[in-house]
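One-letter residues, chain by chain:
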Amino acid sequence: MARGRSLLKGLGILFLSILFFFVAVFFYAYLTGGDIQVLSLVGGDSVGVLHITGSINDSQEAIRNLKQFGETRGIKAVVVRIDSPGGGVAPTQEIFEEIEKLKKKKPVIASLGGMATSGGYYIASACDQVVANPGTLTGSIGVIMELGNVEELLKKLGLKGYSIKSGPHKDIGSPLRPLSAEEKVILQSLVDNVHGQFVRAVAKGRGMPEEKIRGLADGRVYSGEQAKGLGLVDLLGNMEAAIDLAAERGGIKGVPQVIHSRSEAKGWLEKLLFSFLGNRLIQGESWGLRYEWSPSFIQ
């Protein structure tokens, strides 16, 4: 009888110890916003998934997650899931550079969703391998600068605009007046220069000659199947296929544990439920050069 009670007492202490451990981990993860390292420790060897969704107007969150994936021992490989038409030049280039750093530590696989065009493909090209669905819209390797002119509209409204400037080209692109022939040449030179950066980056990432990429980089969009035939994509498959490939390259046996990137701006309920999918549409647009393709009829 005494032995039975001792056994039950021992089991009760063991149960409470395990419960205390998981509660402690839960609240630590909650207080730290669902720390990736904590989840990795609990789940063992894992594949980290970074979600890049919507227009790319900022790189800080993506870089933060990439660095954390790189520093977390339990994460053996990373998948960059891209569902984006592209976005600003500078943030796109910053994410590209961070992926290149991460590749030196761990395998990085790109998974292309419904759309990974322009800047979205720019980022994908930095990865070790690119996996796309046959119907994924991708490519659109190019640069665009869109300007407007409201001079005639202001005249109809009886309004006038003035620019006080320190040099002849300080207000280049102003909507208050048309571009001069000289200014068109200046802006075209700028676009061509940034386009060249795009071509060189893709050629470097894909290990292909610049001339071949330049021949594909006229801004056109390709399906995933077409892109594979052109050497812009390595394999056809969904995100699960990309995760399996990453796990294989990371030396993970069996079904891999998956840890998704998280957004910093999470509510308490999302933290409580460990909702780390990171699928957010970045709001706001920035003026200037963009690696982007987003016709209004695309849903």
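Numbers given for residues are sequential positions, taken from 1 along each chain in its written order. Residues qualify for local features only when their pLDDT is at least 70, as the model is predicted, and side-chain atom pairs are given and counted only at 80 or more; totals for whole chains, interfaces and linings, by contrast, use all residues. Water and hydrogen atoms were dropped before computing side-chain values, which therefore reflect all heavy atoms in the structure.

**Some details on the environment of Val258**
Alright, step 1. Looking at the element boundaries, Val258 is found in strand S9 (residues 257-260).
Alright, step 2. Partly exposed residues are those whose accessible area sits between 20% and 50% of the maximum for their type, while under 20% is buried and over 50% is exposed, using a 1.4 Å probe and protein chains only. Judged by its relative accessible area of 28%, Val258 falls in the partly exposed class.
Alright, step 3. Along the sequence, Val258 and Asp45 sit 213 residues apart, while their C-alpha atoms lie 8.9 Å from each other.
Alright, step 4. Beyond its immediate chain neighbours, meaning those up to four positions away, Val258 contacts Val47, Val49 and Ile243. What counts as a helix is a DSSP run of H or I of at least four residues, what counts as a strand is a run of E of at least two, and both are numbered from the N terminus. Residue contacts are defined here by distance: any two heavy atoms, one from each residue, within 4.5 Å place the two residues in contact.

**Some remarks on unusual backbone geometry**
Alright, step 1. The backbone phi angle of Ser118 is positive, close to 50°, even though this residue is not glycine.
Alright, step 2. With respect to the helices and strands, the residue Ser118 is situated in the loop between strand S4 (108-117) and helix H5 (119-124).
Alright, step 3. Taking relative accessible area as the criterion, Ser118 reaches 0% and is therefore assigned buried.
Alright, step 4. Of note in this structure, Ser140 is not a glycine but carries a positive phi near 55°.
Alright, step 5. As for its position among the elements, Ser140 is in the loop between strand S6 (137-139) and helix H6 (151-157).
Alright, step 6. Assessed through its relative accessible area of 5%, Ser140 is described here as buried.

Purely geometric numbers; function is a separate question.
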